[in-house]
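Examination of the molecular architecture
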Amino acid sequence: MASRILGRHQATHAAKAPESDEDSWIEVAGLQKVYRPRRSEPTHALSDIDFTIRRGEFVSIVGPSGCGKTTLLKILAGLIPKTEGTVRVANRDVTGPLPEVGMVFQAATLLPWRTILQNVMVPVQVQRLNVREYRTRAEELLRMVGLETFADKYPHELSGGMQQRAGICRALVHNPAVLLMDEPFGALDAMTREYMNVELLRIWRESGQTIVFVTHSISEAVFLSDRVIVLSPRPGRIAEIVDIDLGRPRDLGMVSSDAAGVHVKRIREHFSAIGAIE
Ligand SMILES: Nc1ncnc2c1ncn2[C@@H]1O[C@H](COP(=O)(O)OP(=O)(O)O)[C@@H](O)[C@H]1O
Ligand SMILES: [Mg+2]
């Protein structure tokens, strides 16, 4: 697809980064997050979070509702401050949003006064990239998610699922080296969701992106990921990090394979005791 743009992007970074940096492309150590709202009690959202993610890895985060998954992604994205600990992305301390990071939010947050194509182009404008070059990519992405005839429509003219797909295009348009996705497919019907899973893996394979993917669905996490980080109920701690040793490329048939089933069962056991998720 846009391998030309990608190739250049990767080359610049790959030339600079020694191997050890690639192994800890994302680094979280001793992370604590406590929310201290003015008018209510503090909430300890995340506790003692430690992990590293290799460059190009696909890692999912699963955990019960309220365990701090969104909080963790927002900290990685530089959208909210951590309370304590080390948080590095693309070998830089995170102190605010980084240009090499794209984020897909739980709900599509499209600007209502802009068309779908204009919404997808927001990161290109913010980062002052070449509009003409990236417009073609934006159109390709919209075609990929089946929205090519909606480019000139406004968000309110689209269903929630369609808006969410546009939000995914927006996160991908500038080819971020790191993609953070917060339950991006939760609002989609089952068939569209499976299709998007396969498309996401294809984009990831072609782009060499590093993806951190939050989901409620254990089977989705297993299907997509190299590793799955399992969080405990609040305050979120790492209960286990599971290696998903299924081959690649993956096809949908693997979702129901015995090998995938073993991983799903193992992860589910963390939650069965507390009756949470799936
Ligand atoms: N801005 C905030 N202020 C206070 N508490 C918050 C805020 N955002 C989230 N929380 C609390 O932190 C905990 C983790 O929330 P969140 O990261 O959204 O969980 P998840 O995404 O896993 O469902 C929850 O108890 C939530 O109520
Ligand atoms: Mg959340």
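What counts and how
- Residues numbered from 1 in each chain as written.
- Chains lettered and ligands numbered in written order.
- Predicted model: local features only at pLDDT ≥ 70, side-chain atom pairs only at ≥ 80, totals over all residues.
- Heavy atoms only, no water.
- Pairing = 2+ DSSP bridges.
- Helix = DSSP H or I, 4+ residues; strand = E, 2+ residues; numbered from the N terminus.
- Axes fitted to C-alpha atoms, helices over the stretch in contact; angles between N-to-C directions.
- Contact = heavy atoms within 4.5 Å.
- Near = heavy atom within 4 Å.
- Polar contact = N/O pair within 3.5 Å; in protein donor to acceptor, adjacent residues only side chain to side chain.
- Areas by Shrake-Rupley, 256 points an atom, 1.4 Å probe, with all protein chains shown as cover.
- pLDDT = per-residue confidence, 0-100.

Some thoughts on the sheet that holds strand 10 (residues 238–243)
With respect to topology, six strands assemble into an open sheet ordered 6-7-8-3-9-10, the strand pairing being mixed. Looking at strand neighbours, the two that pair on one side only are strand 6 (101–104) and strand 10, the edges of this open sheet. The average undirected angle you get between the axes of adjacent strands in this sheet is 15 degrees. Sheet topology note: the strand 9 (residues 227–231)/strand 10 ladder contains five bridges and is antiparallel. Counted as the bridge partner of Arg227 is Asp243 from strand 10. In this fold helix 10 (residues 258–272) packs onto strand 3 (58–62), strand 9 and strand 10, with an angle of close to 180 degrees to the strand it touches most, strand 10.

Digging into the site of ligand 1
As a structural note, the neighbourhood of ligand 1 is formed by 13 residues, with Gly66, Lys69, Thr70, Thr71 and Arg234 the closest of them. In this structure, Gly66 approaches ligand 1 through a main-chain N or O atom, which is 2.7 Å from an oxygen atom. Taking Gly68, its main chain carries an N or O atom lying 3.0 Å from an oxygen atom of ligand 1. Protein chains bury 64% of the 560 Å² of accessible surface belonging to ligand 1 in isolation. Broken down by secondary-structure element, the contributors of at least two residues to the shell around ligand 1 are strand 2 (43–53) and helix 3 (69–76).

Looking at the confidence of the model for the protein
Chain-level statistics for the protein give a pLDDT mean of 89 and a share of 91% at 70 or above. Of the regions scoring below 50 in pLDDT, residues 1–17 engages in 29 contacts with residues more than four places distant in sequence or in other chains.

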